[in-house]
Amino acid sequence: QVQLVESGGGLVQAGGSLRLSCAASGSTFSINYMGWHRQAPGKQRELVATINSIGSSNYADSVKGRITISRDNAKNTVYLQMNSLKPEDTAVYYCHARRYGSSWYDYWGQGTQVTVSS
């Protein structure tokens, strides 16, 4: 079992920065992928960024160059550094983890609100 707790959300002005954190606990040794998704009001949930166990990452086209995902394996924590934020980045950001036991399992955090003012 994996538990995910996000933190770092808040209200920022356009052009500002935020750093989101997601701390994983439980069966963290078996986590293969971690990532961030977001859901804006009235919108579908979308992928923001993912990172695997060896540090390979990928990003949504809309955030490339502005957002960086990283992880600290020793702390079982994944980060999302967000720069040059835009109002359209406003959303609830959810941490996600996928691990393999006898099969694949997916876990989600509770979400953290990011609001970017115009």
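If you're wondering where the values come from, they're calculated on a predicted model, not measured in any experiment.

Peer 1: Break down the pairing of strand β1 (residues 2-7) for me, citing the residues and quoting the values.
Peer 2: Of the two faces of β1, only one is covered, namely that formed by Val2, Leu4 and Glu6; the face formed by Gln3, Val5 and Ser7 stays uncovered. As paired elements, β1 and strand β3 (residues 18-26) share six bridges and run antiparallel to each other. In the strand pairing of β3, valine 2 is matched with glycine 26.

Peer 1: Tell me about the packing of aromatic side chains, residues and numbers included.
Peer 2: Taken as a whole and judged by the stated rule, the model has two aromatic pairs. Taking 6.2 Å as the distance between ring centres and 40 degrees as the angle between the ring planes, the aromatic pair formed by tyrosine 33 and tryptophan 104 counts as tilted. Highlighted residues: tyrosine 33 in strand β4 (residues 31-39) and tryptophan 104 in strand β10 (residues 104-108), separated in sequence by 71 residues. Residue classification places tyrosine 33 among the partly exposed positions, given a relative accessible area of 39%. For the ring pair tyrosine 100 and tryptophan 104, a centre distance of 5.3 Å and an interplane angle of 70 degrees mean the geometry is edge-to-face. Put simply, the rings of Tyr33, Tyr100 and Trp104 pair up and form one aromatic cluster.

What counts as what
Residues numbered from 1 in each chain as written. Predicted model: local features only at pLDDT ≥ 70, side-chain atom pairs only at ≥ 80, totals over all residues. Heavy atoms only, no water. Buried < 20%, exposed > 50% of the residue type's maximum accessible area, 1.4 Å probe, protein only. Helix = DSSP H or I, 4+ residues; strand = E, 2+ residues; numbered from the N terminus. Pairing = 2+ DSSP bridges. Phe/Tyr/Trp six-rings, centres within 6.5 Å; stacked < 30°, edge-to-face > 60°.

Just geometry here; none of it tells us what the structure is for.
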